[in-house]
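# Report on the structure
Here is how the chains run, residue by residue.
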Amino acid sequence: MDYDVKGNLKKVLANLPQGVRLVAISKYHPNEYIMAAYEEGQRIFGESHEQELRQKVESLPKDIRWHFIGHLQTNKVKYIAPYISMIEAVDSFKLLKEVDRQASKNGRIIDVLLELHIAEEETKYGLTPDSCRQLLADGEWRDLKHVRICGLMMMASYVEDVQQIRSEFQIAKNLFDELKAQYFADDPSFCERSWGMSHDYPIAVDEGSTMVRVGTAIFGPRVY
Ligand SMILES: *Cc1c(COP(=O)(O)O)cnc(C)c1O
């Protein structure tokens, strides 16, 4: 192994205050790297492609909790529904409904996060703050008994400007507080703020992240 996964993992963990969890983002990295982190006690891993994830699930320890962090097509939900621990990037009611349907078929309740789009980069994915408000205001989500909305997920802009990154995390945190008060005040499950990646997780932690998604800083650069 040409990368000190165990040492890197320890460094990242040392930077996380109590109450902030690490999702080790293992996409494009081999099982050997995942096992090195596993041997250090890491149990939550994140992947963004359904087929790659399926292969890893089949060959790795069963007590790993897998988070799906990528864009998920509705026709792929059925493949991950039997085992996925959390789907982090739900960005439409249509997808939420399909997760509910497949969770029901599997006799499960699946934890999800709503993905926000706040960063300046052009992307088709993620809910703007207003469309996120609208999704919840519509109220249909309350009929979905097999999904549990556990909070919000977002990616900040990939820029050098720390103040910009910080202000994007603040927008997400403010929206979280607003939605918590308006829709989830009595629901302790709505508690997660998934933000922070390799280059910005210390800022994210400062700005109220409860869950950081770190790949490169642990496993090294991805080989696509
Ligand atoms: C790949 C990815 C990460 C991890 O990025 P690093 O820069 O390698 O830490 C985090 N979140 C999402 C949504 C990703 O796709």
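As shown above, the structure is provided for reference.
Scope of this entry: the structure provided in the associated data block. Per-chain numbering applies: the sequence of each chain, read as written, is numbered from 1 onward. Two thresholds apply to this predicted model, a pLDDT of at least 70 for residue-level local features and 80 or more for giving and counting side-chain atom pairs, whereas whole-chain, interface and lining totals are computed over all residues. As a rule here, side-chain values come from all non-hydrogen atoms in the structure, and water together with hydrogens is ignored.

Counting from the N terminus, the helices are DSSP H or I runs at least four residues long and the strands are E runs at least two residues long. Looking at the secondary structure, you find H67 in strand β3 (residues 65-68). Nitrogen and oxygen atoms within 3.5 Å of one another constitute a polar contact, given that in protein one can donate a hydrogen and the other can accept it, and given that sequence-neighbouring residues count only through two side-chain atoms. A polar side-chain atom of H67 sits 2.7 Å from a polar atom in the side chain of E88. Note on contacts: a residue pair is in contact if any heavy atoms of the two residues lie within 4.5 Å. The residues contacting H67, other than those within four sequence positions of it, are V23, I44, F45, G46, E47, I84, S85, M86, E88 and M211.

Only protein chains enter the accessibility calculation, which uses a 1.4 Å probe; a residue is then buried when its area is under 20% of its type maximum, exposed when over 50%, and partly exposed in between. Looking only at helix α2 (residues 31-39), the buried set comprises Y33, I34, A36, A37 and Y38. The elements touched by buried residues of α2 are α1 (5-14), β2 (44-47), α3 (50-59), β3 and α9 (216-219). The first or second residue beyond α2 is G41, which carries a positive phi of 105°.

Attention now goes to the packing of aromatic side chains. Only Phe, Tyr and Trp rings take part, Trp by its six-membered ring, and two of them pair if their centres are within 6.5 Å. Stacked means planes under 30 degrees apart, edge-to-face means over 60, and tilted covers everything else. In this structure the tally under the stated criterion is eight aromatic pairs. When the centroid spacing of 5.2 Å and the interplanar angle of 40° are considered together, the rings of W141 and F184 count as tilted. Residue W141 is located in the loop between α6 (129-138) and β6 (147-154), and its partner F184 is located in the loop between α7 (162-183) and β7 (192-194); the two are separated by 43 residues in the primary sequence. Using a relative accessible area of 10% as the deciding quantity, one classes W141 as buried. Plain terms: the ring middles of F184 and F190 are 4.0 Å apart, the flat faces sit at 0° to each other, and that makes the pair stacked. F184 gets classed as buried once you look at its relative accessible area, which sits at 2%. Taking relative accessible area as the criterion, F190 reaches 1% and is therefore assigned buried. Here a set of aromatic residues connected by ring pairs shows up, and it is made of W141, F176, Y183, F184 and F190.

As a further point, take the site of the ligand. Taken together, I25, K27, I69, M153, M155, M197, S198, R213, V214, G215, T216 and R222 make up the full set of residues near the ligand. Within the side chain of R213, a nitrogen or oxygen atom sits 2.9 Å from a nitrogen atom of the ligand. Between T216 and the ligand, the recorded distance is 2.5 Å, taken from a side-chain N or O atom to an oxygen atom. Note on areas: Shrake-Rupley, 1.4 Å probe, and residue coverage restricted to the protein chains presented here. Its free accessible area being 390 Å², the ligand has 91% of it covered by the protein chains. The cutoff for a nearby residue is simple: one of its non-hydrogen atoms must lie within 4 Å of the molecule or strand.

By convention in these notes, a salt bridge is any Lys or Arg side-chain nitrogen within 4 Å of a carboxyl oxygen on Asp or Glu. Considering all chains together, one arrives at 14 salt bridges under this definition. Ionic pairing is found between R133 and E178, a salt bridge with its closest N-O pair at 2.7 Å. A residue pair is termed long-range when its members are at least 10 positions apart, and R133 in helix α6 and E178 in helix α7 qualify at 45 residues. Here R133 falls in the partly exposed class, since its relative accessible area comes to 28%. Note on E178: relative accessible area 28%, which makes it partly exposed. Across the pair D206 and R166 runs a salt bridge whose closest N-O atoms are separated by 3.4 Å. Within this pair, whereas D206 is found in helix α8 (residues 201-206), its partner R166 is found in helix α7, the two being separated by 40 residues in sequence. The exposed category is assigned to D206, whose relative accessible area is 53%. Among the charged side chains, a salt-bridge network with shared partners connects E47, E52 and K56.

In short, the description is geometric, and any link to function would need to be established separately.
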